[in-house]
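What follows is each chain in one-letter form.
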Amino acid sequence: MVKTPNPQDRPIDNSITTVYRESVRRDPPILMNHPEAEAFLRISERSLRNLVRRGQIPVVRLGGRVLYRRESLMVVIRVNLRNRNRTGN
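Fair warning: this is a prediction, and the values are worked out from it, not measured in the lab.

(A) Region of interest: the packing of helix H2 (residues 34-41) against helix H3 (residues 45-53). Axis separation between H2 and H3 bottoms out at 9 Å; the angle between their running directions is 100°. Overall, the two elements H2 and H3 adopt an arrangement that is roughly perpendicular. Contacts from His-34, Ala-37, Glu-38 and Leu-41 in H2 reach Glu-45, Leu-48 and Arg-49 in H3. When its residues are assigned to classes, the contact of H2 with H3 shows three nonpolar, one polar and three charged.

Below, the structure written as structure tokens:
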């Protein structure tokens, strides 16, 4: 007899990183550190650093920390959506 797979039998990824990333996506803080900004945008560390280097994402320096404003990240998303709609991708 063949057993039908049950979705509840799948192992659940409860690693701290996964739970942390999901919480950032659901309820992003106003200011985010580098890992939070990566999770929010769903991009790699290298991609985020490249966007900052090119001046596409402004940073906030506070007490020696580099932070990202949620609204600045939202602007990047909006601009990329507009560009994508124009090119038809």
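Having put the structure on the table, let's press on.
(B) Just the sheet that holds strand S1 (residues 31-32), in detail. With antiparallel pairing, three strands are arranged side by side in an open sheet as S1-S3-S2. What marks the edges here is a single partner per strand, and that holds for S1 and strand S2 (60-62). Across three bridges, S2 lies against strand S3 (residues 65-69) in antiparallel orientation. Within S3, the residue paired with Val-60 across the bridge is Leu-67.

(C) A look at the pattern of salt bridges. Under the criterion given, the structure shown has two salt bridges. The shortest N-O distance in the salt bridge between Glu-45 and Arg-49 comes to 3.0 Å. Of this pair, Glu-45 and Arg-49 both sit in helix H3, four residues apart, roughly one helical turn. On the accessibility criterion, Arg-49 (46% relative accessible area) is partly exposed. A salt bridge links Glu-71 to Arg-78, with the nearest nitrogen and oxygen atoms 3.1 Å apart.

(D) The layout of surface pockets, seen in detail. Reported here for the largest pocket is a volume of approximately 230 Å³. Forming the walls of the largest pocket are Phe-40, Leu-41, Arg-42, Ile-43, Ser-47, Leu-51, Val-76, Ile-77, Asn-80, Leu-81 and Arg-84. Among the elements of the structure, H2, H3 and helix H4 (70-87) are those that each provide at least two residues to the lining of the largest pocket. Ranked by the residues each element gives to the lining of the largest pocket, the list is headed by H4, at five residues.

Cut-offs and rules
- Residues numbered from 1 in each chain as written.
- Predicted model: local features only at pLDDT ≥ 70, side-chain atom pairs only at ≥ 80, totals over all residues.
- Heavy atoms only, no water.
- Axes fitted to C-alpha atoms, helices over the stretch in contact; angles between N-to-C directions.
- Helix = DSSP H or I, 4+ residues; strand = E, 2+ residues; numbered from the N terminus.
- Parallel < 35°, antiparallel > 145°, perpendicular 65-115°, else oblique.
- Contact = heavy atoms within 4.5 Å.
- Nonpolar A, V, L, I, M, F, W, Y, C, P; charged D, E, K, R; others polar.
- Pairing = 2+ DSSP bridges.
- Salt bridge = Lys/Arg side-chain N within 4 Å of Asp/Glu carboxyl O.
- Buried < 20%, exposed > 50% of the residue type's maximum accessible area, 1.4 Å probe, protein only.
- 1 Å grid on protein atoms, 1.4 Å probe; cavity = no way out; pocket = protein on both sides within 12 Å on 5 of 7 lines; lining within 4 Å.
- Points joined across faces, edges and corners; volume = space filled by probe spheres on them.

Geometric descriptors of this kind do not, in isolation, establish any biological role.
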